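Take a look at the letters that make up each chain.
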Amino acid sequence: MHLYLTPAAIGSLTQLILVALISGYFVLRLRRPPRAPHTLWMIGFLTFLGVFLAAFFFEASLLPTQRLIPVYLENTLLGAALICLLQFAYHFPSLPKSLRLESYLALGVSSLYTLWEGVFAVYRFIQLEGGEVWYRSDLQDYALLLLFLWVPIALVRQLFATRERAARRAVGVFTLIFLFVAGLNLFTILRSHYLMSVSLANMGISLGILTAILAFAITYLNAQAETSSFMVRLAGVALTMLLAVLGIVGWVTAPVYEAHYQPVLPDHRTLRFTPNEAGGYDIAEIPFAFETEYGDNLHLADTGEYSARSVELNFAFPFFGRTYSQVYVSQDGVIAIGMNVQYRAYQYRYGSGTPLIMALLADLNPEISRGGVFARQEADRLIVTWDRLRGFRNTGDEYTFQAVLYPGGMFDITYNGLPPNLVYRANDDPGANPWAVGAIPGGLTSHDVQIINLTSLPGHSGPDGILQDYVLEFRQHLHELYTPLAWLILASSAVIVAGFPSLLYLNIVKPLNALLRGVRRLEEGDYSANMPVQAADEIGFLTDAFNKMSAELGNLIQDLEARVAVRTEELTVSLSVSQQLNEQLQQEIAEREQLISDLKAFSNMVAHDIKDPLGLILGYAHLVKQDVEKLTRPEPKEWSGYIVESAQKVNKIVDGLLLLASLRQQDLTLCPLDMEKIITEAKNRLKEQIAGANAEIIEPDVWPSAFGNALWVEEVWFNYISNAIKYGGDMPRVELGAQLLSSTQIRTTQVRFWVRDYGQGLTIEEQTRLFAELERLHRGQSPGYGLGLAIVKRIVEKLGGQVGVESTPGKGSTFFFTLPCPDQS
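These numbers were taken from a predicted model, which means no experiment stands behind them.

Looking at the overall build of the protein
A count of helical and extended segments in the protein gives 18 helices and 23 strands. With 825 residues in all, the protein has 51% of them scored as buried. Of the contacts made within the protein by residues no fewer than 6 positions apart, 71% connect residues no fewer than 24 positions apart. Carbon and sulfur atoms provide 58% of the accessible area of the protein, an area that totals close to 38200 Å².

Quick look at the nonpolar core
Residues Phe174, Phe319, Trp386 and Phe411 are the most contacted members of the largest nonpolar core, which totals 121 residues. Apart from the residues within four sequence positions on either side, phenylalanine 319 is in contact with Tyr281, Tyr324, Ile337, Pro355, Leu356, Ile357, Phe411, Ala439, Ile440 and Pro441. In this structure, Ile690, Ala706, Phe718 and Val805 belong to the second largest nonpolar core, which totals 39 residues.

Things to note about helix α18 (residues 788-798)
Among the eleven residues of α18, eight are classified as buried, and the element is accordingly described as predominantly covered. Within the sequence span of α18, burial applies to Gly788, Leu789, Ala790, Ile791, Val792, Arg794, Ile795 and Val796.

Overview of a nonpolar patch on the surface
A surface patch of nonpolar side chains, about 390 Å² in accessible area, is lined by Leu146, Leu149, Leu176 and Leu179. Relative to the helices and strands, leucine 146 is located in helix α5 (residues 138-161).

Describing the sheet that holds strand β13 (residues 436-440)
Spatially, the seven strands line up as an open sheet ordered β4-β5-β6-β7-β13-β16-β14, and their pairing is mixed. Edge positions in the sheet fall to β4 (308-319) and β14 (450-451), since each of these pairs with one other strand and no more.

Observations regarding the pattern of salt bridges
For side chains of opposite charge, pairing can occur when their charged atoms come near one another. Under the defined criterion, the tally for this structure stands at 20 salt bridges. The closest approach of N and O atoms between arginine 376 and glutamate 378, which form a salt bridge, is 2.2 Å. Each of the two residues, arginine 376 as well as glutamate 378, counts as buried. A salt bridge links arginine 390 to glutamate 398; the nearest nitrogen and oxygen atoms lie 3.8 Å apart. On the basis of relative accessible area, arginine 390 is assigned to the partly exposed category, the value being 24%. What emerges from the salt-bridge pattern is a single network uniting Glu291, Arg376, Glu378 and Arg381.

Brief notes about the packing of helix α14 (residues 675-685) against helix α16 (residues 710-726)
A pair of packed helices can be characterised by two numbers: the angle between their axes and the separation between those axes. Between α14 and α16, the least distance of the axes is 9 Å, while the angle of their chain directions is 55 degrees. When the interaxial angle is binned, α14 and α16 end up oblique. Once α14 is placed against α16, the crossing between them reads as right-handed. The segment α14 lies against α16, with Met675, Ile678, Ile679, Glu681, Ala682 and Arg685 engaging Ala710, Val713, Glu714, Glu715, Trp717 and Phe718. Class assignment for the residues of the contact of α14 with α16 results in eight nonpolar, no polar and four charged.

Observations regarding the side chain of threonine 6
For threonine 6, the location among the structural elements is in the segment before α1 (7-29). Contact partners of threonine 6, with chain neighbours within four places excluded, come to Ala60, Asn427, Arg475, Leu478 and Tyr482.

Here we look at the environment of leucine 361
Examined against the element boundaries, leucine 361 turns out to sit in strand β7 (residues 356-361). Note on leucine 361: relative accessible area 0%, which makes it buried. For the pair leucine 361 and proline 434, spaced 73 residues apart in sequence, the C-alpha separation works out to 5.9 Å. Those residues in contact with leucine 361 that sit more than four places away from it in its chain are Asp332, Gly333, Val334, Tyr346, Asn433, Pro434, Trp435 and Ala436.

Overview of the confidence of the model for the protein
Overall, the prediction assigns the protein a mean pLDDT of 82, with 78% of residues at 70 or greater. Every residue in residues 776-786 scores below 50 in pLDDT, and together they form 27 contacts with partners more than four places removed in sequence or on other chains.

Quick look at the sheet that holds strand β18 (residues 696-698)
One open sheet accounts for five strands, arranged β18-β20-β21-β23-β22; its pairing is mixed. If you trace the sheet from one side to the other, it starts and ends with β18 and β22 (803-807), each paired once. Averaged over all adjacent pairs, the angle separating strand axes in this sheet is 20 degrees, with direction ignored. Across eight bridges, the pairing between strand β21 (residues 750-757) and strand β23 (residues 813-820) is antiparallel. Looking at β23, one finds that phenylalanine 753 is bridged to phenylalanine 817.

Thoughts on the packing of α16 against α18
Direction vectors running N to C along α16 and α18 enclose 145 degrees, while the axes themselves pass 9 Å from each other. Handedness of the crossing formed by α16 with α18: left-handed. Where α16 approaches α18, its residues Trp712, Glu715, Val716, Asn719, Tyr720 and Asn723 are matched on the opposing element by Gly788, Leu789, Ile791, Val792, Ile795, Val796 and Lys798. Looking at the contact of α16 with α18 residue by residue, the classes come out as eight nonpolar, three polar and two charged.

With respect to the pairing of strand β11 (residues 398-405)
Burial within β11 is extensive, with seven of its eight residues counted as buried. Examined bridge by bridge, strand β10 (residues 382-391) and β11 share seven bridges and lie antiparallel to one another. Paired with leucine 382 across the two strands is leucine 405, which belongs to β11. The loop that links β11 with its antiparallel partner strand β12 (residues 411-415) comprises five residues; one of these, glycine 408, has a positive phi angle of about 95 degrees.

Considering the environment of glycine 79
As for its placement among the helices and strands, glycine 79 is situated in helix α3 (residues 64-91). Along the chain, glycine 79 and threonine 114 lie 35 residues apart, while their C-alpha atoms are 4.6 Å from each other. In contact with glycine 79, not counting residues within four places along its chain, are Tyr113 and Thr114.

Here we look at the pairing of β22
Counting buried positions along β22 yields four of five residues, so the element is predominantly enclosed. Note: β22 against β23, five bridges, orientation antiparallel. Each residue of the ladder has a partner; that of glycine 804, found in β23, is phenylalanine 816. Hairpin connection, β22 to β23: the antiparallel pair is bridged by five residues, and glycine 810 has positive phi, about 85 degrees.

Structural notes on the packing of aromatic side chains
Throughout the structure, instances matching the rule amount to 37 aromatic pairs. Consider the rings of phenylalanine 45 and phenylalanine 216, whose centres lie 5.9 Å apart with planes at 70 degrees: the pair is edge-to-face. Taken as a pair, phenylalanine 45 in helix α2 (residues 37-61) and phenylalanine 216 in helix α7 (residues 198-222) lie far apart in primary sequence, 171 residues in all. Overall, the relative accessible area of 4% leaves phenylalanine 216 in the buried class. With 6.2 Å between their ring centres and 85 degrees between their planes, phenylalanine 290 and tyrosine 294 make a pair best called edge-to-face. Classification of phenylalanine 290 as buried rests on a relative accessible area of 16%. By the ring-pair criterion, three or more aromatic residues cluster together here, those being Tyr25, Phe26, Phe45, Phe88, Phe92, Phe174, Phe216 and Tyr220. Just above the ring of tyrosine 135 sits the side chain of arginine 344; from NZ or CZ to the centre is 5.5 Å. Taking NZ or CZ as reference, arginine 756 lies 4.2 Å from the ring centre of tryptophan 754, over its face.

As for the environment of arginine 756
Within the fold, arginine 756 resides in strand β21. Classification of arginine 756 as partly exposed rests on a relative accessible area of 27%. When the C-alpha atoms of arginine 756 and glycine 728 are compared, they prove to be 9.0 Å apart, with 28 residues separating the residues in sequence. With sequence-adjacent residues up to four places away left out, arginine 756 is seen in contact with Arg733, Val734, Glu735, Ser813 and Thr814. Among the polar contacts listed, one links the side chain of arginine 756 to the side chain of threonine 814, at a separation of 3.1 Å.

Rules of the game
Residues numbered from 1 in each chain as written. Predicted model: local features only at pLDDT ≥ 70, side-chain atom pairs only at ≥ 80, totals over all residues. Heavy atoms only, no water. Helix = DSSP H or I, 4+ residues; strand = E, 2+ residues; numbered from the N terminus. Buried < 20%, exposed > 50% of the residue type's maximum accessible area, 1.4 Å probe, protein only. Contact = heavy atoms within 4.5 Å. Areas by Shrake-Rupley, 256 points an atom, 1.4 Å probe, with all protein chains shown as cover. Core = buried A, V, L, I, M, F, W, Y, C linked by side-chain atoms within 4.5 Å. Patch = residues over 30% accessible without salt bridge, like charges linked within 9 Å, V, L, I, M, F, W, Y side chains within 5 Å. Salt bridge = Lys/Arg side-chain N within 4 Å of Asp/Glu carboxyl O. Pairing = 2+ DSSP bridges. Axes fitted to C-alpha atoms, helices over the stretch in contact; angles between N-to-C directions. Parallel < 35°, antiparallel > 145°, perpendicular 65-115°, else oblique. Left-handed = near helix turned anticlockwise from the far one by under 90°. Nonpolar A, V, L, I, M, F, W, Y, C, P; charged D, E, K, R; others polar. pLDDT = per-residue confidence, 0-100. Phe/Tyr/Trp six-rings, centres within 6.5 Å; stacked < 30°, edge-to-face > 60°. Lys NZ or Arg CZ within 6 Å of the ring centre and 35° of its normal. Polar contact = N/O pair within 3.5 Å; in protein donor to acceptor, adjacent residues only side chain to side chain.

See below:
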């Protein structure tokens, strides 16, 4: 047995490698209980599918005679795979009681179909031993299609019976996958009716199967509660992509390489076959001679009983040691000696044991041709002419040639009109182009026909026959191209399976494990954790950001605890000194209580706003770790971005907490304010938010004078404008303004600054707790940390002003603050 690789063989090889590795992986997982019934059915399906793909590989790689063995086995193997597939559909995620009877029915019907295919395959093998080549009926293809369609129907039934969300999602995806797989059977039907080329059908089936296998494995793994190694999943994805690319390379390069093959079939020449003493024939080229008197038209058709006609010879015709008086002239360029032959029989030992003169074996169609097949009987010769016959598949090619039989066993073959350019295509039917020229003695006993090149004459043969096989030459031509590609596929697969997980572990899994160890320490309250940065990549950036966040958070908590301890000690000493310090003591107690309240508030903040992004960091870090140890999905890079973003959010929270805490300690220094410059700085900080929301900011031309701290006032404007954009609706319109308050309204002259939005507004209850420290309304509706308005209130009060809001639900809100100003009188 010799393999001759083709694009279809390369495609089957890629599928076989993928199915074998997936099957092996799931078999290894069986060692870990529980072993669900659907897992066993799935492994059975993949196993039979792998054997089927192996048969398909040999079908595409072997020559016509040997390929019949895997062809006869394919549908039985496919039926066995179908039994397991149907049962998987009913058992995933479990077999409902309402579908139990239906699953038994599916098992019985699919088993009967497989038994039918198996019995028919045995019958075909028995007939093949007698020289009969049997094709499958169209009914069997339709039955197979109906059974494949049963799979998505069963999955839809399972979809309605399943309640668990993840399982329902997986069943839905399986339904789409197997609808797609069932559709692939249409390629076979179209090919059998000659409505699609063999090459195109095989390419569609090859790529379709590879895609379906990948989607099936990924969907099944994602639906399992037990996680699988991310390295295995990623290696599987990489291997599948590589196999798909190399498989496509096989099909893409085929047309170019096919065009390089041109059979040496010279036109306008005559070959003479003369019996020799060795029991075979000597072949020589003689002067060109073509008989123009064709004789009687045999009126041959492409199929049925009229595809060949019997002709009684006027002389005895010895042929490879036996003498015949009758021949059968076929429309396929062949003269069968002594017995008729069907076209399909050429696939088995060049005619299933029939003695043949192959003037030019090809699948020709007289029904669409300008000429026909003619025979002229004379006393000492028979002239058979195939005049202007078109190819059955390549209808643009036209052939004219002639065979002349003489007493004594000698015969001539003359070519007088062959296509100038013959295009052979990989995996086409062998008779789509000229197949063979020569003579074979027939018989089903094993013998080796002598293969020669008719351009290198003279030639000699023994009793086993002699011919030039153009299909064999073409397959040898293709084999030279696809052999290195096949070795590349095998070697690349081995490298990915063996080396890819190690590279992933060293470059991704190991750094992530170190990061996760530090995250667990932080989760346990150890803020001194300092994780090593192992590489300057996304994981390294994440590690560095988390180290900084951990250090700042630890310092903040330690500073708060130390301040509370010191102040408590001071208050205790003050209480024991004198009753005269009672007023001061009350103030100190109030400050102490405020500090305790701050600490509690900070604790709440850590528990909520800081803990939430920390939770996100931990969650996504775990997901990335798990998926770095599992198979496939493009999300880990996105999750890394989420982790970094959450760490940056916590860093901003810490900055806000430090600012809020520092407002009580800093000395107050009021200076004249350049309000226009301050607002410009605040808007610069908000430019991304303003652009992202497409917000419109409206300012007055002139700002009144006021006293304060420029950096603190900028923080007030920043928070007010940011909130107005967040809650101002789509394309928010934000108005800024100021007005002077006369001394009759308040004890000192002040300026009231305000920010107005036209959003949803606030209720009275919401307004009462709006400026409470670490309080945030609409939690979860928009980003925020619960610190902004608390900071605003503390800043403004520190500067000697007040804050407030005026709002009506549905009509927007106006947030304001006041600052002292020079005496305007």
